[in-house]
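# Analysis of the macromolecular model
Below, each chain spelled out in residue letters.
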Amino acid sequence: MKLLSAISLGSVLLLLTACSSTKATPPPPPAPKPVTPWTHLHLDELRAIAAEERYELEHEGDNVRLIIPVNGNFHPKRTLLLPSGLVPLSRVAKLLRGATDSHIQVTGYSDSVGDDTINQRLSLERAQAVASVLQLGGVSRNNMELISLGEADPRADNATAAGREQNRRVVINIAPRIPASSVALAP
């Protein structure tokens, strides 16, 4: 009798296992489509503007740096953009207004001639002038960050006129925005 009930129980378990394995498992959800960063879609357009306007363009991965020299774009004695500097920045703004998935950092730099506090203020005012043109062109202020580094981080030797000219610049750095869900919070 024990043998019969053990065989019956085994048969029932085997039948249940067989029935459960015939159920179709739901298909996995489709993989999300990869998002192409804004910089990859518009890099050629930025390169064309940079070449036409004597800007420098540096590209590394998803990051793009557009380096705007002060000479030829700003009033020599002030922080105002020259009319010749407004048109190319307007073209850049037209491109950047669609960069809603990007973080745009506008950083001003100066040379080391003069007082550090004054250089800090000059580089901030130049960065603000560029950011204002970008904002007027439709770039959201929420996508931009302003930084003034003054004479910090020189590109060339400040002992020469050519070096000082290279150090006076405004840099627009365009990088993908890090989604809030992927930012780790500190404990």
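Residues numbered from 1 in each chain as written. Predicted model: local features only at pLDDT ≥ 70, side-chain atom pairs only at ≥ 80, totals over all residues. Heavy atoms only, no water.

### Considering the overall build of the chain
Scanning the chain from N- to C-terminus turns up five helices and five strands. Secondary structure elements in the chain, listed N-terminal to C-terminal, are α-α-β-β-α-β-α-β-α-β. For the chain, buried positions account for 31% of its 187 residues. Of all intrachain contacts in the chain linking residues separated by at least 6 positions in sequence, the fraction that spans at least 24 positions is 69%. Working note: accessible area of the chain is about 11,800 Å², and carbon and sulfur atoms make up 61% of it. (Helix = DSSP H or I, 4+ residues; strand = E, 2+ residues; numbered from the N terminus. Buried < 20%, exposed > 50% of the residue type's maximum accessible area, 1.4 Å probe, protein only. Contact = heavy atoms within 4.5 Å. Areas by Shrake-Rupley, 256 points an atom, 1.4 Å probe, with all protein chains shown as cover.)

### Some words on unusual backbone geometry
The phi dihedral of arginine 54 falls on the positive side, at around 60°, and the residue is not glycine. Checked against the element boundaries, arginine 54 lands in the loop between helix H2 (38–53) and strand S1 (56–60). Looking at arginine 54, the relative accessible area reads 63%, which means it is exposed. Of note, aspartate 153 is a non-glycine position whose phi angle comes to about 60°, a positive value. With respect to the secondary-structure elements, aspartate 153 resides in the loop between strand S4 (144–150) and helix H5 (161–167).

### Some words on the confidence of the model for the chain
In the predicted model, the chain carries a mean pLDDT of 84, and 80% of its residues have values of at least 70. Mean pLDDT values for the elements of the chain range from 53 in helix H1 (residues 2–21) up to 96 in S4. (pLDDT = per-residue confidence, 0-100.)

### Topic: the sheet that holds S1
Across the sheet, five strands lie side by side as S1-S2-S5-S3-S4; this open sheet has mixed pairing. Each of the sheet's edge strands pairs with one partner strand only, and the pair in question is S1 and S4. Across the sheet, the mean angle separating the axes of adjacent strands is 15° when strand polarity is ignored. Packing of H2 onto the sheet brings it into contact with S1, strand S2 (63–69), strand S3 (102–109) and strand S5 (169–176), and relative to S1 it is tilted by some 160°. Together, S2, S3, S4 and S5 form the strand contacts of helix H4 (residues 116–136), whose direction differs from that of S4 by roughly 155°. (Pairing = 2+ DSSP bridges. Axes fitted to C-alpha atoms, helices over the stretch in contact; angles between N-to-C directions.)

### Considering H2
Residue pairs spaced three or four apart in an α-helix point in one direction, given the helix's 3.6 residues per turn. Across its 16 residues, H2 extends 22 Å between first and last C-alpha, which sits within 8% of the 22 Å expected from 1.5 Å per residue. Along its length, H2 shows its largest kink, about 45°, at aspartate 44. Where H2 terminates, the next one or two residues include arginine 54, which has phi positive at roughly 60°. (Expected span 1.5 Å × (residues − 1). Bend = angle between axes of the 7 residues up to and from the residue.)

### What to know about the pairing of S5
When you tally the buried positions in S5, you get seven out of eight residues, the bulk of the element. Relative to S5, S3 runs antiparallel, the two sharing eight bridges. Pairing of valine 106 across the sheet is with isoleucine 172, part of S5.

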